[in-house]
Amino acid sequence: MNRKLIVCIISFNSITAQATHINLEEHLHPAIVSTKQIILPEHPHAFNPSIVHINDMYLLSFRTIPDPKTPFTSFLGVVWLDQHFEIVSSPQLLPLRNPTSSIPSRAEDGRLIIINNKLYFIYSDNEDATISKGGFRVFIAHLAIDDKKIISVKSVQKITNFDEADSNKREKNWVPFVYNDHLLLAYSIAPHRILHYLPETNHCTTISTSITPHQWQWGELRGGTPALLDNGEYLAFFHSCIRMQTVHSTKEAMHYFMGAYTFLPYPPFEITRMSIAPIVGAGFYNGPTYKPYW
């Protein structure tokens, strides 16, 4: 994505969050060039994707919930796509949990990233017998790819040691990015708090914290995609959600939104630009209706 396109994203402000019964697709954003739906027959309601380019292919991760009656039992998987985003392999669920554990997998919000030609997967999970907000921690897995493009899990670290760690807070949506061949993680967007992961440990150190002035009125700013360098800045997409009623919902319901932001390529990694209204494309809020997993 070029710099001119990012400027378009940030100048878009045709929708106000205070409006009711609005058509969210009335003002389509020029940043959305096209859309393509990827359906996994084995996991028809797969969601929470992440994608990374490897050689001449894409590796797509996804979240799947086998039984809607147990929505906290959740697995993360991967599937290979060609350069046209067509599926070229069978989906593979990742064995991220210790096989001796009697606690079902609750993995969610996976994000793929490559550092020094090594593939990492950042996600959240809850290994506690009793489900609680504080039981959800961020995990970092090192993945390996064999000659047949089968993914294996080399190691998994649960991040429990970092500044202001709170055993009562649900940890998720940390934004990974690569800086000088090190894995950094944006713990939050507002403020923009950056952590440095110490490899093969459960520890992160705080690099910097900077204030994020913003005009976003569509819910709490939450991490989304990994941040990538683009034209001398890091570029990432965030998400948020609020309960509201629109022409796309028969009653007040949770609506999810996305926006873009850029930040400096060096400490303190201050945010330089940010969307002030959602980026919306055709079909974002219209389409087949099905009951969400919750």
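Residues numbered from 1 in each chain as written. Predicted model: local features only at pLDDT ≥ 70, side-chain atom pairs only at ≥ 80, totals over all residues. Heavy atoms only, no water.

A. Broad picture of the confidence of the model for the protein chain. Across the protein chain, the average pLDDT comes to 90, with 92% of residues at or above 70. A low-confidence stretch, residues 1-15 stays under pLDDT 50, and its non-local contacts, those more than four residues away or across chains, total 41 contacts. (pLDDT = per-residue confidence, 0-100. Contact = heavy atoms within 4.5 Å.)

B. Representation of the sheet that holds strand β5 (residues 108-115). Taken in spatial order, the four strands make up an open sheet running β5-β6-β7-β8, and their pairing is antiparallel. Strands at the two margins of the open sheet, each flanked by one partner only, are β5 and β8 (151-159). For this sheet, the mean inter-axis angle between neighbouring strands, taken without regard to orientation, is 25°. Across eight bridges, strand β7 (residues 136-145) lies against β8 in antiparallel orientation. Directly across from Leu143, in β8, lies its bridge partner Val153. (Pairing = 2+ DSSP bridges. Helix = DSSP H or I, 4+ residues; strand = E, 2+ residues; numbered from the N terminus. Axes fitted to C-alpha atoms, helices over the stretch in contact; angles between N-to-C directions.)

C. Quick peek at the pairing of β5. For β5, a buried count of seven out of eight residues is recorded, marking the element as mostly surrounded by other parts of the structure. Judged from the six bridges that link them, β5 and strand β6 (residues 118-126) form a sheet pairing that is antiparallel. Looking at the pairing, Arg111 lines up with Ile122 of β6. (Buried < 20%, exposed > 50% of the residue type's maximum accessible area, 1.4 Å probe, protein only.)

D. View of the pairing of β6. The buried count for β6 comes to eight of nine residues, which makes it a mostly enclosed element. Hairpin connection, β5 to β6: the antiparallel pair is bridged by two residues, and Asn116 has positive phi, about 55°. Two strands pair when backbone bridges link them, and β6 and β7 are joined in this way by eight bridges, in the antiparallel orientation. Within the sheet, the bridge partner assigned to Asn126 lies in β7 and is Phe136.

E. Looking closely at the side chain of Ser105. In this structure, Ser105 sits in the loop between β4 (92-93) and β5. From its side chain, Ser105 meets the backbone oxygen of Ser74 in a polar contact 2.7 Å long. At 3.5 Å, the side chain of Ser105 forms a polar contact with the backbone nitrogen of Ala107. In contact with Ser105, not counting residues within four places along its chain, are Phe72, Thr73, Ser74, Phe75, Arg97 and Asp125. (Polar contact = N/O pair within 3.5 Å; in protein donor to acceptor, adjacent residues only side chain to side chain.)

F. The pattern of salt bridges, seen in detail. In total, this model carries eleven salt bridges according to the counting rule given. For Glu220, the salt bridge identified is with Arg222, shortest N-O distance 3.9 Å. Relative accessible area serves as the criterion here: at 26%, Arg222 is assigned to the partly exposed category. A salt bridge links Glu252 to Arg243; its shortest N-O distance comes to 3.7 Å. Residues participating in the shared-partner salt-bridge network are Arg63, Glu108, Asp109, Arg170 and Lys172. (Salt bridge = Lys/Arg side-chain N within 4 Å of Asp/Glu carboxyl O.)

G. Structural view of the packing of aromatic side chains. Per the stated rule, a full pass over the model turns up 19 aromatic pairs. With 6.0 Å between their ring centres and 25° between their planes, Tyr261 and Phe263 make a pair best called stacked. Of the residues examined, Phe263 reaches a relative accessible area of 0% and is grouped as buried. Each ring, one from Phe263 and one from Phe269, has its centre 6.4 Å from the other, and the planes form 80°; the classification is edge-to-face. In this structure Phe269 comes out as buried when scored by relative accessible area, which is 0%. Put simply, the rings of Phe177, Tyr179, Trp216, Tyr234, Phe238, Tyr261, Phe263 and Phe269 touch in pairs and so form one group of aromatic residues. (Phe/Tyr/Trp six-rings, centres within 6.5 Å; stacked < 30°, edge-to-face > 60°.)

H. Local environment of the nonpolar core. Phe177, Trp218, Phe257, Tyr261 and Phe263 are the most contacted members of the largest nonpolar core, which has 25 residues in total. Elements represented by at least two residues in this core include exactly β9 (175-179), β10 (182-188), β14 (233-244), β15 (253-263) and β16 (271-274). In terms of residue count, β14 provides more of this core than any other element does, five residues in total. Sequence-distant contacts of Phe263, defined by excluding residues within four places in its chain, comprise Phe177, His192, Ala227, Glu233, Tyr234, Phe269, Glu270, Ile271 and Thr272. The next biggest cluster of nonpolar side chains, apart from the first, holds 18 residues, and it includes Met57, Trp80, Leu112 and Ile151. (Core = buried A, V, L, I, M, F, W, Y, C linked by side-chain atoms within 4.5 Å.)

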